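Geometric and topological summary
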Amino acid sequence: MKLSAYLENRQPILWRVFSNAKAMNRINHAYLLSGEAGIPLKEAALFLAKSILCDNPSPLADEECRYCKRIEHGTYTDFFLLDGEEETIKKGDVQEVVAGFSKTPLEEKGILIYVIHLVENMTTESINSLLKFLEEPGKNTYAILTTQNEARILPTIISRCETIRMVLSPKKDVIQEATELGVSQSDADLLSNFMNSGALLKEMADSEEYQDMKAIIETALTHLNQDGASAIYGFEKDIIPNLSKKNDAKFFLDTMVLVFKDIVAHKENLPIKLVSYDTLIKPLADQLNHVEESLIEIMKSRSQLDLNISTSLLLEHVIAYIVKE
């Protein structure tokens, strides 16, 4: 999908900085895109990679030329993507990039590009390998790094990059854009907490993966409205087996955080944010005990998903804690 309109209108600093660098042929060897969760950091990084290679930039990637398409489909040989959102980036991952870039470029443009998404999710050993690579970049070699937590990035990495800070669009604007594109209000209410672009939100809302996750979430809320033993049985039967993928479990627990924040708000007679789910959320305020403590426990469990802890054990712990007397 095209990001140019979003970046030009909603991320003017990034658009201006990179457009000027491209026009003057002074593209930095390394950029760090920094922004909060929900901002399409990876998509923006890929767009900048396309812009470096694009045959018909105007001023940045047209997203239609063969090089843009090859980055999109991962078929440009001299391009690497390390995704810290999928799993922790290890030393061997960075060494693979370094080894690939130590050879003569295979593509006719002679340009080598690597993207590291969420550099805060790198091991200490992989960071050390990256630092050496950033210190002595090869000719026509470009790095585009992203982070949702700049405070966790070593100053030595930041000092070797040109940092571009991306800003959140107002949630109401994202929801409006999404609903105008045909997204249901309930999907827009939920997904606007995770995605800061109406167009990307629609893409996610239309995916089979999201629809499956939505069904799991609604089933989970239904189970939580039952007595403790029934809720645990329902989770073990319908929820936990369907959350074996770490990213699915992350999305589920992130959504539970939103739900429990709304339960707390309802208990305090404050408006809830997931309005479309009020018929499932409001009864939980009467059904569940120690809601605030459960919210803290869910948040703790969410942070532990990045560790080598069994996802099923974490989810079993969460449901047992929520429904305990």
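What this report covers is the structure whose coordinates are included nearby. Source: prediction; values computed, not measured. (Residues numbered from 1 in each chain as written. Predicted model: local features only at pLDDT ≥ 70, side-chain atom pairs only at ≥ 80, totals over all residues. Heavy atoms only, no water.)

1. Quick look at helix α16 (residues 311-323)
Spelled out, the test is: Helix and strand definitions follow DSSP, with helices as H or I runs of at least four residues and strands as E runs of at least two, each counted in order from the N terminus. Here, expected helix span is obtained from the residue count minus one, scaled by 1.5 Å. By definition, residues are in contact when any of their heavy atoms lie within 4.5 Å.
Look at α16: 19 Å from first C-alpha to last across 13 residues, which is about the 18 Å you get at 1.5 Å a residue. Buried residues along α16 sit in contact with α11 (208-224), α12 (228-239), α13 (246-267) and α15 (291-304).

2. Remarks on unusual backbone geometry
To keep it simple, the criterion reads: Summary of the burial criterion: residues with accessible area below 20% of their type's maximum are buried, those above 50% are exposed, and those between are partly exposed, where the area comes from a 1.4 Å probe applied to protein chains only.
Pro59 follows Ser58 through a cis peptide bond whose omega is -10 degrees. Summarising the element assignment, Pro59 is placed in the loop between α3 (41-53) and α4 (66-73). Look at Asn25: it is not a glycine, yet its phi comes out positive at around 55 degrees. Note that Asn25 resides in the loop between α2 (12-23) and β1 (30-34). Residue classification places Asn25 among the exposed positions, given a relative accessible area of 69%. Positive phi values are uncommon outside glycine, yet Asn140 reaches one of about 55 degrees. With respect to the helices and strands, Asn140 occurs in the loop between α6 (124-135) and β4 (141-147).

3. Observations regarding the sheet that holds strand β3 (residues 112-117)
We apply this condition: For two strands to count as paired, DSSP must find a minimum of two bridges between them. Between N-to-C directions, angles cover 0 to 180 degrees, with each direction set by a line fitted to C-alpha atoms, over the stretch in contact for helices.
An order of β2-β3-β4-β1-β5 is seen for the five strands of this open sheet, with the pairing classed as parallel. Each having just a single partner strand, β2 (79-83) and β5 (162-165) make up the two edges of the open sheet. Each strand axis lies, on average, 15 degrees off the axis of its neighbour in the sheet, ignoring direction. As judged from the four bridges shared by β1 and β5, these two strands associate in the parallel manner. Note that in β5 the partner of Leu33 across the bridge is Ile164.

4. Remarks on helix α5 (residues 91-101)
Given 3.6 residues per turn, any residue in an α-helix points the same way as the ones three and four places further on. The test is simple: The arc in question is the one traced by the directions running from the helix axis out to the C-beta atoms.
Among the residues of α5, those classed as buried are Val94, Val97 and Phe101. All buried residues of α5 fall inside an arc of 55 degrees around its axis, so they share one side. Among the structural elements, β2, β3, α6 and β4 are those in contact with the buried residues of α5.

5. A look at the state of the cysteines
Cut-off, in case you're wondering: Any two cysteine sulfur atoms lying within 2.5 Å of each other are counted as a disulfide.
Under the criterion given, the structure shown has zero disulfides. The structure places no disulfide on Cys65, whose sulfur is separated from the nearest cysteine sulfur, that of Cys68, by 3.6 Å.

6. A short note on the pattern of salt bridges
What counts here: By salt bridge we mean one thing: a side-chain nitrogen of Lys or Arg within 4 Å of a carboxyl oxygen of Asp or Glu.
One pass over the full model with this rule turns up 14 salt bridges. Its salt-bridge partner being Lys202, residue Asp206 comes within 2.9 Å of it at the nearest N-O pair. Its relative accessible area of 55% is what places Asp206 among the exposed residues. A relative accessible area of 25% places Lys202 in the partly exposed class. A salt bridge links Asp238 to Lys237, with the shortest nitrogen-to-oxygen separation between them at 2.8 Å. Owing to a relative accessible area of 22%, Asp238 belongs among the partly exposed residues under this scheme. For Lys237, a relative accessible area of 47% corresponds to the partly exposed category. Each of Lys50, Glu63 and Glu72 takes part in salt bridges that share partners, so that together they form one network.

7. Describing the pairing of β3
Convention followed: For the handedness criterion, the strands are oriented away from the viewer, and a crossover whose path from the first strand over the helix to the second runs clockwise is classed as right-handed.
Of all the six residues making up β3, six are buried; the element is thus mostly covered by neighbouring parts of the structure. Of the two faces of β3, the one lined by Leu112, Tyr114 and Ile116 and the one lined by Ile113, Val115 and His117 are each fully buried. Here β2 pairs with β3 via five bridges, running parallel. Bridge pairing in β3 places Phe79 opposite Ile113. Each parallel crossover has a hand, and the one from β2 via α5 to β3 is right-handed.

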